[in-house]
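# Tertiary structure, described
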Amino acid sequence: MALPDRIPVFLLSGFLGSGKSTLLNELLAEPSFHDSAVVINEFGDVAIDHLLVRQGETAISQVSTGCLCCAGTTDLRATLFDLHCAASAKLAPAFSRVIVEMSGLGDPAPLVNALMADRHGAETLRDRTVDTVFYLAGFVTLYDIVTGGISIDRHFEAVKQIAFADRIVLTKTDLAKDPATLSDIAALPRELRLLNADARIYDRRDAELAALFAPRPYSVVERGEDVSGWLALEAALAAEELHGPASAGRDRLSRHTSGIRSFSIVHDATIPESRFLQFLSVLQQSAGQHLLRVKGIVGVAEEPESPRIVHAVQHSTSAPVRLDTWPDDDRRTRLVFITSGIDPEPVRALFSAVIGGAPSPFGRLLGGIGDAFAKPLSRISSYLTTTSRRSS
Amino acid sequence: MTGFVNPLAPRSSRLMAKSAEIKAWVRELMDLPDGTAVTVAELACRDEGCPDIETVIGILEEGRPIRTIRVHAAMADATRDAVAEAIGQGPGG
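Residues numbered from 1 in each chain as written. Chains lettered and ligands numbered in written order. Predicted model: local features only at pLDDT ≥ 70, side-chain atom pairs only at ≥ 80, totals over all residues.

## Observations regarding the overall build of chain B
We count it as follows: Runs of E in the DSSP output that reach at least two residues are strands. Runs of H or I that reach at least four are helices, and both are numbered from the N terminus. Here the C-beta atoms are placed from the backbone, and a residue counts as buried if at least 20 other C-beta atoms lie within 10 Å of its own, exposed if 12 or fewer do, and partly exposed otherwise. Working definition of a contact: two residues with C-beta atoms, positioned from the backbone, lying within 7 Å.
Broken down by element type, chain B carries 2 helices and 3 strands. Starting at the N terminus and ending at the C terminus, chain B contains elements arranged as α-β-β-β-α. Buried residues in chain B amount to 29% of all 93 residues. When contacts within chain B are restricted to residue pairs at least 6 apart in sequence, those whose partners lie at least 24 apart make up 30%.

Structure follows, in C-alpha cells:
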C-alpha cells in the first residue's frame, strides 16, 4: 500500500496500569488495524511496553523511554516525521494511521499542542510535513474502575487525561461481580462528566475497539474551558522555556513531581515463580499506594523458555501471563517500577533477599522503603520468617 | 454525626475542586472581569530552594499575551495567602 496523503493520529492515554497495552494488543490483532504505526511512550529507563504489545508484520513500533510530555512537542513531531520518511523510502511498511500509547504519567497538553497544525510556524521540512500529513483524529482515555478514583484525586495528570478525551473507556469492569460494585460502575459516567461533559463513555466489555479508533474531528473547544486553558498555558510555558531570560542551563520542562520516579531491576538467572510472587506481595503490602506500577517480564525456573508477563498497580496484581516464547533475544528478567516517594535501593535489596533466599533483616529492608510503612513491617517480617522456616 | 453526606451525589476530583477554589481567589484578588479566563495547572518546580512542585496560574485576557503566576506549592497545599503573595510578586511569581 502507498502512504495516504493525510494520516490520522490517535492518542491513547490512561493512568498507570489502566490497561492500555492490553487494549492495544487486542486492537492490533484485528486485521483492519495491521496497517497501523504505533508509538509507545514509557516513563522509565528500561523499555518494557514494546515487548508487551504484539507487533504484527505491518506494525511499526517506535519506543521512547523518555517522557514525550516532558520532552516537549518536538519529540513526537520528530518521531512522526521519522516514521513518514522511513515508509516513504520503503525502508518500513506503509501505514494508514498512527496510535500513540502515552506514558501513564503523560500530560496530554504538549502532545495535543504538537498535533495542532495552527500552533506551529511550519518553517522546516519536518514541520511542514508533519502539519500537512498528520492530524489528531481522536483521544481515547482508559479509566481503571479499581484505582481510577484514587488517581484522579491525587495526580493532576490523571485529571487531564480524562478531561482531554473524546472517548473514555471504563476498564477492569469484568472484575466487578457484586451488586454494590456494579452499582458504583453505573454511577461512574456521572462522576466523570464532572471532568469531561462531552466525551462518550464506554464499558470495556462491550466497547467496539475499531470504532474507538475511527477518525473523527477532535475539537478542543468541545473539551471545555479547562482544556483550552491548559493548552494555552502549556504553549506559553513552552515559549517561556525556550525564549525566557533564564532558559539557559535549565532542564527541560518537567511535569512530574520529583517524588515520582522510575527504576528497574534486571536479573540474569531464572527465578522460582513462587518466590517472585512472594517478593511482589511483600512489596505491595509494604508500599501500598506509593507503588504506582510494576511491570515486566520474568524468566521462571519452572519453564525457562516461557517467561511471565507481570503487572501490578498499587494494591492490585494481575495474574502473571505465560508467554509461549521470549519476545526478543534478551532472556533476562526485566522489571520496571514507578513509585511515589520510594527509593530504589531498598526495593533492590528486598528483591535480592527474597529471590536469592539469603538470610536478611527484612524489617530493616522494608523500613528503608519508607517511614510510612512501619506498621505492616512486623506482620510481614513474621510472615516471611514463618514461610522461610516452612520451606527450609 | 455532623452532617448528612449523600452517598449518591457525584464525587468530583479533589484536585479539580481545589483548582476551582484557586480560580475564584485569583478572580477576587485581581478583580478580573468576567470575560477573562483563568487556568490552573501543576508542574514540577525548576528553581533551587523551592518545593518540588508548583502551581502555575494562567490569566488569559483577550488581545494580550497570557500572564503566568507561580505559587511555590502543590495545588492541594496552595492557600489564599500564598496566591495573594504570588500575585503581588507579579509575572513569574
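## Description of the overall build of chain A
Each helix and strand counted, chain A has 15 helices and 13 strands in total. Looking at chain A as a whole, 43% of its 392 residues qualify as buried. Within chain A, contacts between residues separated by at least 24 positions form 75% of all contacts whose residues are at least 6 apart in sequence.

## A word on the packing of helix α12 (residues 273-287) of chain A against helix α13 (residues 344-356) of chain A
Residues and elements named next belong to chain A. As a reminder of what qualifies: For every element, the axis is a line fit to its C-alpha atoms; helices are fit only across the contacting stretch, and the angle between N-to-C directions ranges from 0 to 180 degrees. Two helices cross in a left-handed way if the nearer one is turned anticlockwise from the farther one by less than a right angle. They cross in a right-handed way if the turn is clockwise. Each residue gets one of three labels, nonpolar for Ala, Val, Leu, Ile, Met, Phe, Trp, Tyr, Cys and Pro, charged for Asp, Glu, Lys and Arg, and polar for the others, Gly among them.
Here α12 crosses α13 at 145°, and the two axes come no closer than 9 Å. Where α12 crosses over α13, the handedness of that crossing is right-handed. Each of Arg-275, Phe-276, Gln-278, Phe-279, Val-282 and Leu-283 in α12 lies in contact with α13, whose residues at this interface are Val-347, Leu-350, Phe-351, Val-354 and Ile-355. For the contact of α12 with α13, the class distribution of residues is 9 nonpolar, 1 polar and 1 charged.

## Some details on the nonpolar core
Put simply, the rule reads: For our purposes the nonpolar core covers buried Ala, Val, Leu, Ile, Met, Phe, Trp, Tyr and Cys residues that link as a set through C-beta atoms within 7 Å. These domain limits were set by an automatic method or by a database of domain assignments.
Counting residues in hydrophobic clusters, the biggest one holds 106 residues, and the most contacted among them are Val9(A), Val98(A), Val159(A), Ile162(A) and Ile57(B). By residue number, the principal contributor to this core is strand β5 (residues 134-144) of chain A, which donates 7 residues. Each of domain 1 (7-243) and domain 2 (261-391) of chain A contributes no fewer than three residues to this core. Residue contacts for Ile162(A): discarding those within four places in its chain leaves Thr141(A), Tyr143(A), Ile152(A), Ile168(A), Leu192(A), Leu195(A) and Asn196(A).

## Brief notes about helix α1 (residues 14-30) of chain B
Residues and elements named next belong to chain B. To be explicit about the condition: Take the number of residues in a helix, subtract one, and multiply by 1.5 Å to get its expected span. Throughout, the arc means the angular range of directions from the helix axis out to the C-beta atoms.
Between its terminal C-alpha atoms α1 stretches 24 Å, which fits the 24 Å expected from 17 residues at 1.5 Å a residue. All buried positions along α1 are accounted for by Leu-15, Met-16, Ser-19, Ile-22 and Val-26. Down the axis of α1, the buried set is contained in an arc of 115°. They therefore lie on one face. Pointing more than 90 degrees away from the buried face of α1 are the exposed residues Ala-24 and Glu-28. Positioned one or two residues after α1, Asp-31 has a phi angle of 50°, which is positive.

## Digging into the confidence of the model for chain B
All names here are of chain B. Formally: Confidence scores here are pLDDT values: one per residue, from the predictor, ranging 0 to 100.
On average, residues of chain B score 80 in pLDDT, and 72% of them are at 70 or above. Averaged pLDDT values over the elements of chain B bottom out at 88 in strand β1 (residues 37-44) and peak at 94 in helix α2 (residues 80-88). Long-range and interchain partners of residues 1-10, a stretch whose pLDDT sits below 50, account for 3 contacts in this model, where long-range means more than four residues apart. For this predicted complex, the interface confidence reaches an ipTM of 0.79, while the overall pTM sits at 0.74.

## Re the environment of Ala94(A)
All names here are of chain A. Relative to the helices and strands, Ala-94 is located in the loop between α4 (73-88) and β4 (97-101). Residue Ala-94 is classed as partly exposed on the basis of its C-beta count, with 18 C-beta atoms lying within 10 Å. Sequence spacing of Ala-94 and Leu-170 is 76 residues, and the spatial spacing of their C-alpha atoms is 32 Å. For Ala-94, the contacting residues outside a window of four places in its chain are Met-1, Ala-2, Leu-3 and Ala-87.

## Re the environment of Leu292(A)
All names here are of chain A. As for its placement among the helices and strands, Leu-292 is situated in strand β9 (residues 291-298). Through-space distance from the C-alpha of Leu-292 to that of Thr-141 is 18 Å; in sequence the pair is 151 residues apart. Sequence-distant contacts of Leu-292, defined by excluding residues within four places in its chain, comprise Leu-16, Gln-314, Ile-338, Thr-339 and Ser-340.

## As for the confidence of the model for chain A
Caution applies to low-pLDDT regions: their predicted coordinates should not be interpreted in detail. All names here are of chain A. Mean pLDDT over chain A: 80, with 76% of residues reaching 70 or higher. A low-confidence stretch, residues 247-252 stays under pLDDT 50, and its non-local contacts, those more than four residues away or across chains, total 7 contacts. pLDDT under 50 marks residues 372-385. Its contacts with residues more than four places away, or in other chains, come to 19 contacts.

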